[in-house]
Amino acid sequence: MFVAGIDAHATYSVIAIVSNTGQLVAGPIRIKNTQEDRLNGLLGQFQPLEVVVETSPAWPWLFDRLQGQGIDFVLAHAKRLRVIAESNYKSDDIDAELLARMRLAGLIPEVHPKCIEQREQAVLLRNRARLVRERTRMVNRIHAQIHNVGLHLERGRLLTQDGREWVRDVAWPLLGAERRLFIDMQWALIDQIVPMIRTLDRRVEHVGREIPAVALLETVPGIGPYRALLIATETLPITRFRTPGHLVSYAGLAPRSSQSGLRPIRHGSIPAGANRWLRGTFVRAVVSHVTHAPDSWLSQSYELIRQRLGWQVARVATARRLARAVHAMLRTGEVWHDEPVTQRN
């Protein structure tokens, strides 16, 4: 058994290969990313072989290139590799060898490497999210100008024709020439972005139709084509998560826990270093679900928690329950039910 640590960069990679006894048998060797034959020739000398690569923009091409060659690919969570990150002396050679030795010691925090189809879906989803974020920033800038003259307009209304007419009729006389120009420019930018978002929305629906799990997730009130595709992209195959708790933890919806000595376990805030895309989707889905299905068991659960602990805690706690329900749906293939399983039985 051999382990190859690869420190991958944009133009080259450094490879160090260690045997199961800890002996350095090859490298560190620097190979240009264009020298595919040289890379295959080096790795082909050692079988069976595991390859360890840190998460970075360079790992996908290595993953695609090594698939089908009988090599086990291990993707390491870069932020959790504290030994490398906090090293006093860093070099590509040291990092590559250390990756291999940490794998032998069982110290590599693994990340699921997405296949090329899921990576393409992630690019589509993140592209749309960035455009929506930019549109929101522009809308907020217009709101700030309106607030500066003592006026207020409801959120969301500014993107409608009625909202623009209100600004022209009510706010315009109170705004100076520079503020008017600023708002006109923001509207012009919004008008350019909105058609792009609509194009991506159609693309999301088209891609989602090819994935059965997306249609299943869309049966949940509050989860539309975009959120369904995002959940599918970030969680499939669902067999990665042995229990609903594993999915909850991966989504960053489980609070931190600490325990020392004879003291009881204390639960704190939710962790920051989790899948923020998945966490945000579940939390926002709860808000939409409560609006569109106020009588469902999930909405009733949200309301009970909100009355006791407030809406912020209620959203996260309910998102945690939604994640558990999604896990069950994806494992069983059963559509959403508005009543809990105990009531249906």
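Structure report, in brief.

So, the overall build of the protein chain
Line of reasoning, step 1. Along the protein chain, the regular secondary structure elements total 14 helices and eight strands.
Line of reasoning, step 2. Structurally, the protein chain occupies a C-alpha span of about 75 × 60 × 45 Å along its principal axes.
Line of reasoning, step 3. Expressed as a percentage of the 345 residues in the protein chain, the buried residues total 42%.
Line of reasoning, step 4. For the protein chain, the share of sequence-separated contacts (at least 6 apart) that also reach a separation of at least 24 residues comes to 56%.
Line of reasoning, step 5. As presented, the protein chain carries roughly 19,000 Å² of accessible surface, and 52% of it is formed by carbon and sulfur atoms.
Line of reasoning, step 6. The centroid of the 46 positive side-chain charges in the protein chain is displaced by 6 Å from the centroid of its 33 negative side-chain charges.

Focus on the environment of P237
Line of reasoning, step 1. On the secondary structure map, P237 appears in the loop between α9 (225-235) and α10 (244-250).
Line of reasoning, step 2. Sequence separation between P237 and A8 is 229 residues, and the spatial gap between their C-alpha atoms is 26 Å.

Considerations on α9
Line of reasoning, step 1. Along α9, ten of the eleven residues are buried, which leaves the element largely enclosed by surrounding structure.
Line of reasoning, step 2. The set of residues buried in α9 consists of Y226, R227, A228, L229, L230, I231, A232, T233, E234 and T235.
Line of reasoning, step 3. For α9, the secondary structure elements touched by its buried residues are α5 (116-148), α7 (177-208), α8 (212-217), α10, α11 (276-292) and α13 (311-332).

Considerations on the pairing of strand β5 (residues 71-76)
Line of reasoning, step 1. β5 sits mainly inside the fold: five of its six residues count as buried.
Line of reasoning, step 2. For the crossover that starts at strand β4 (residues 49-54), traverses helix α2 (residues 59-66) and ends in the parallel β5, the hand is right-handed.
Line of reasoning, step 3. Relative to strand β6 (residues 110-111), β5 runs antiparallel, the two being bridged by two bridges. Looking at the pairing, L75 lines up with V111 of β6.

Examining the environment of A188
Line of reasoning, step 1. Take A188: it is sitting in helix α7.
Line of reasoning, step 2. Separated by 160 residues in the primary sequence, A188 and P28 have C-alpha atoms spaced 54 Å apart.

Section: the pairing of strand β3 (residues 24-32)
Line of reasoning, step 1. As paired strands, strand β2 (residues 12-19) and β3 are joined by six bridges and run antiparallel to one another. Opposite V18, over in β3, you have L24 as the bridge partner.
Line of reasoning, step 2. Turn length for the β2-β3 hairpin, with the two strands adjacent in sequence and antiparallel, is four residues, and the turn residue G22 shows positive phi of about 90°.

Some thoughts on the layout of surface pockets
Line of reasoning, step 1. Of the volumes computed, that of the second largest pocket is approximately 420 Å³.
Line of reasoning, step 2. Forming the walls of the second largest pocket are 16 residues, and the residues nearest its centre are R128, Y226, R227, G280 and R284.
Line of reasoning, step 3. Within the residue set of the lining of the second largest pocket, elements represented by two or more residues are α5, α9 and α11.
Line of reasoning, step 4. Per-element accounting of the lining of the second largest pocket gives the leading share, seven residues, to α11.
Line of reasoning, step 5. Of the residues belonging to the lining of the second largest pocket, the class tally is five nonpolar, five polar and six charged.

Considerations on the sheet that holds β6
Line of reasoning, step 1. On the basis of which strands lie adjacent, the open sheet formed by six strands has the order β3-β2-β1-β4-β5-β6 and mixed pairing. Two strands lie at the open edges of the sheet, namely β3 and β6, each paired on one side alone.
Line of reasoning, step 2. Bridging between β4 and β5 involves six bridges; their strand directions are parallel. Across the sheet, V52 pairs through a bridge with V74, a residue of β5.
Line of reasoning, step 3. On the sheet, helix α1 (residues 36-43) packs against β1 (2-8), β2, β3, β4 and β5 and is oriented at approximately 170° with respect to β3.
Line of reasoning, step 4. Strand contacts of helix α4 (residues 92-104): β1, β2, β3, β4, β5 and β6, with the helix running at about 40° to β2, the strand carrying the most contacts.

Definitions and cut-offs
- Residues numbered from 1 in each chain as written.
- Predicted model: local features only at pLDDT ≥ 70, side-chain atom pairs only at ≥ 80, totals over all residues.
- Heavy atoms only, no water.
- Helix = DSSP H or I, 4+ residues; strand = E, 2+ residues; numbered from the N terminus.
- Buried < 20%, exposed > 50% of the residue type's maximum accessible area, 1.4 Å probe, protein only.
- Contact = heavy atoms within 4.5 Å.
- Areas by Shrake-Rupley, 256 points an atom, 1.4 Å probe, with all protein chains shown as cover.
- Lys, Arg positive; Asp, Glu negative; His and termini not counted.
- Charge placed at Lys NZ, Arg CZ, Asp CG, Glu CD.
- Right-handed = clockwise from strand over helix to strand, strands pointing away.
- Pairing = 2+ DSSP bridges.
- 1 Å grid on protein atoms, 1.4 Å probe; cavity = no way out; pocket = protein on both sides within 12 Å on 5 of 7 lines; lining within 4 Å.
- Points joined across faces, edges and corners; volume = space filled by probe spheres on them.
- Nonpolar A, V, L, I, M, F, W, Y, C, P; charged D, E, K, R; others polar.
- Axes fitted to C-alpha atoms, helices over the stretch in contact; angles between N-to-C directions.

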